[in-house]
Amino acid sequence: TWGSLLKRALFQADKLRDVVARSGGSVRWIKSQSDLEAHLQNQSPALAVFLGTEGAHPLEGELANIDKMAGAGYRMFGITHFFDNELAGSLHGQSKSGLTNFGRAAIQRFDELELIIDLAHVSEKAAYEILEISTRAPVVSHTGFKGNCDTPRNFSDALMKAIADKG
């Protein structure tokens, strides 16, 4: 998988599938809202896991790869990580730019498949654009508030409020 981030992501999904299969029921792979509801309702002692990618780099600029990754079990997509990519500028990247045309199309496909969009590490400009065009509420899996700690890693309080207002 050295030459392809997509192949590496699919390999990792296969490895998770193996772990779940060998767990004897002690690990449960959550792939849908109904899976999660059933897990919580049953008060299962199993470890519930779901698969996400921090940065959508494995898409390798191809919309069809969203479907491949979703088919392999991925349910959450961070848009960027520590550098800009084909979708958008990163909070840490050079451009701090918003969504690209590919990024807009990817957001639409994530919505169609009801995949979770994670705004962690995305530029503030891209985050606002995602809030505007996405039909679903995103998550921010990890970050902080600039009002509490003014570092480049954290989101402005106004952006965090806009995210909360989206649901």
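Our structure's up above, just so we're on the same page.
Procedures and definitions
- Residues numbered from 1 in each chain as written.
- Predicted model: local features only at pLDDT ≥ 70, side-chain atom pairs only at ≥ 80, totals over all residues.
- Heavy atoms only, no water.
- Helix = DSSP H or I, 4+ residues; strand = E, 2+ residues; numbered from the N terminus.
- Rg over C-alpha atoms; globule rule 2.2 N^0.38 Å.
- Buried < 20%, exposed > 50% of the residue type's maximum accessible area, 1.4 Å probe, protein only.
- Contact = heavy atoms within 4.5 Å.
- Areas by Shrake-Rupley, 256 points an atom, 1.4 Å probe, with all protein chains shown as cover.
- Lys, Arg positive; Asp, Glu negative; His and termini not counted.
- Charge placed at Lys NZ, Arg CZ, Asp CG, Glu CD.
- Salt bridge = Lys/Arg side-chain N within 4 Å of Asp/Glu carboxyl O.
- Phe/Tyr/Trp six-rings, centres within 6.5 Å; stacked < 30°, edge-to-face > 60°.
- Pairing = 2+ DSSP bridges.
- Axes fitted to C-alpha atoms, helices over the stretch in contact; angles between N-to-C directions.

S.K.: I keep staring at the overall build of the protein and nothing clicks. Help me out?
M.R.: Helix and strand content of the protein: six helices and five strands. Moving toward the C terminus, one meets the helices and strands of the protein in the order α-β-α-β-β-α-β-α-β-α-α. Scaling as 2.2 N^0.38, a compact globule of 167 residues should have a C-alpha radius of gyration of about 15 Å, and the protein matches this with 17 Å. With the C-alpha coordinates of the protein rotated into their principal frame, the extents come out at 45 × 40 × 30 Å. Burial status across the protein gives 41% buried among its 167 residues. For the protein, contacts bridging at least 24 residues in sequence account for 52% of all contacts bridging at least 6. When the accessible area of the protein is evaluated, it comes to approximately 9000 Å², of which 54% is carbon and sulfur surface. Averaged over its 18 positive side-chain charges, the protein has a centre that lies 5 Å from the centre of its 20 negative ones.

S.K.: Just to check I follow, could you spell out the pattern of salt bridges for this structure?
M.R.: Oppositely charged side chains can pair when the atoms bearing their charge come close. On inspection of all chains with the given rule, the structure shows four salt bridges. One salt bridge connects Asp14 with Arg17, and the closest N-O pair in it is separated by 2.6 Å. On the criterion of helical spacing, the pair formed by Asp14 and Arg17 is a turn pair, its members being three residues apart in helix H1 (residues 5–22). Assessed through its relative accessible area of 38%, Asp14 is described here as partly exposed. Given the relative accessible area of 34%, Arg17 is considered partly exposed. A salt bridge links Asp165 to Lys161; its shortest N-O distance comes to 2.9 Å. Pair noted here: Asp165 and Lys161 are both in helix H6 (residues 157–166), with a separation of four residues, about one helical turn. Bridged by salt links that share partners, the residues Asp67, Arg109 and Glu112 form one connected network.

S.K.: In this structure, what is going on with the packing of aromatic side chains? I would like to understand it.
M.R.: To describe a pair of aromatic rings, you give the distance between the ring centres and the angle between the ring planes. Enumeration according to the criterion identifies two aromatic pairs in this entry. Ring geometry for Tyr74 against Phe77: centres 6.3 Å apart, planes inclined by 45°, an arrangement best described as tilted. On the accessibility criterion, Phe77 (0% relative accessible area) is buried. Between Phe77 and Phe110, the aromatic rings sit 4.8 Å apart at their centres with planes inclined by 25°, giving stacked as the arrangement.

S.K.: So what exactly am I meant to see when it comes to the sheet that holds strand S3 (residues 51–53) here?
M.R.: Within a beta sheet, neighbouring strands are joined by backbone hydrogen bonds and run either parallel or antiparallel to one another. Here we have three strands laid out as an open sheet, ordered S3-S4-S5, and parallel in their pairing. Each having just a single partner strand, S3 and strand S5 (116–118) make up the two edges of the open sheet. Between one strand and the next, the sheet's axes are offset by a mean angle of 25°, whatever the strand orientation. Where strand S4 (residues 74–78) and S5 come together, three bridges link them in parallel fashion. Bridge assignment links Phe77 to a residue of S5, and that residue is Ile117.

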